[in-house]
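Observations on chain architecture
Now for the letters of each chain:
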Number of protein chains: 2
Amino acid sequence: MPTMTAAQRRELEKIQFDAYLAECKSRELLETLSSKWVALVLSALREKGALRYSEIARTIAGASQKMLTQTLRALERDGLVSREVEPTVPVSVTYELTPLGDSLSGLVLSVKAWAEANMVDVMVARAEYDDRT
Amino acid sequence: MPTMTAAQRRELEKIQFDAYLAECKSRELLETLSSKWVALVLSALREKGALRYSEIARTIAGASQKMLTQTLRALERDGLVSREVEPTVPVSVTYELTPLGDSLSGLVLSVKAWAEANMVDVMVARAEYDDRT
DNA sequence: GGGGTTGCTCCCTTTCGGTAAGTAGGCACC
DNA sequence: GGTGCCTACTTACCGAAAGGGAGCAACCCC
């Protein structure tokens, strides 16, 4: 797929995207954004600024190398995160939110914060539900 | 697991939940919230108010019965959605956000809206990335 | 007894995601 | 000068889980 011209871009912007429609590209995008790994990586980069690969790995405990790399690649491809290789020795790679990624990270960080803040309520609800059955 | 006493609840509230930790319950919760189906169901209920099962199915095109039921059960168990069976004929079941669910649905709706609004930018970024490689 | 609503269950395929091992490039030690 | 090590991946393998489809249950009016 070639790079888009401004005209093509304007054409696309006329389209109304609706994630409720099965075939709509925006549902696919919503799906990729709806991943705990995406949420954790974006939250980490928002809270701590630019981070090196190993720093992200340390922040998000239990994330495998494979998962991290894969998530970062996807985020880079979608223009949410920028990747910069510094020719130090050994090589170090820094990841940072792009403006686009920054506009999203606030939203997903708030979801993560909600989960942490409302964990007790959810646990109570679960206990009651499990009793009731 | 039995229903919690107020004392147990207060005990729990002292705990700091942190989704960056692999073993933390809040990461597990974040994972269940990070699902396109959860996002779509919560968004639908927020935008349209209480809905019947068949209305949700119609709103979220392409969702299988199994997926819908499963998602709604999980949301009910977590106290985000209330389920009410009306003994009409045939039986009708309405789902509605609880106050807890309402406090979350705004956040996930904003993520869904972000995906729809920024679809073009992401597609442009993808095209450029695929060119570059 | 057919039909419409809301499920549940079994089967099957696809995808997710962890582990472990290998790669690259350059320095550094002995 | 071979060996080793560091970061940041990449790949192959494989078990676990997601998720679609189809079929069945139950209810009661018509």
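Just above sits the structure.
An account of the accompanying structure is given in this report.

Definitions and cut-offs
Residues numbered from 1 in each chain as written. Chains lettered and ligands numbered in written order. Predicted model: local features only at pLDDT ≥ 70, side-chain atom pairs only at ≥ 80, totals over all residues. Heavy atoms only, no water. Contact = heavy atoms within 4.5 Å. Buried area = accessible area lost by both parts, 1.4 Å probe. Salt bridge = Lys/Arg side-chain N within 4 Å of Asp/Glu carboxyl O. Polar contact = N/O pair within 3.5 Å; in protein donor to acceptor, adjacent residues only side chain to side chain. Helix = DSSP H or I, 4+ residues; strand = E, 2+ residues; numbered from the N terminus. Nonpolar A, V, L, I, M, F, W, Y, C, P; charged D, E, K, R; others polar.

1. Concerning the interface of chain B and chain A
- In this complex, chain B contributes 65 residues to the contact, which on the side of chain A involves 65 residues.
- Counting each side, the surface lost to burial between chain B and chain A is near 6300 Å², with a carbon and sulfur contribution of 68%.
- The largest share of the area that chain B buries against chain A comes from Tyr20(B), Arg77(B) and Trp114(B), three residues that together contribute 14% of it.
- Linking chain B with chain A are seven salt bridges, by the criterion used here.
- At the surface where chain B touches chain A, the tally comes to 22 residue pairs in polar contact (both at pLDDT 80 or more).
- Looking at the side of chain B that touches chain A, the elements that each hand over two or more residues are α1 (6-13), α2 (25-33), α3 (36-48), α5 (65-77), α6 (99-117) and α7 (119-132) of chain B.
- It is α7(B) that contributes the most residues to the side of chain B that touches chain A, 13 residues altogether.
- Looking at the side of chain B that touches chain A, its residues break down into 34 nonpolar, 11 polar and 20 charged.

That's the geometry; what it means functionally is another story.
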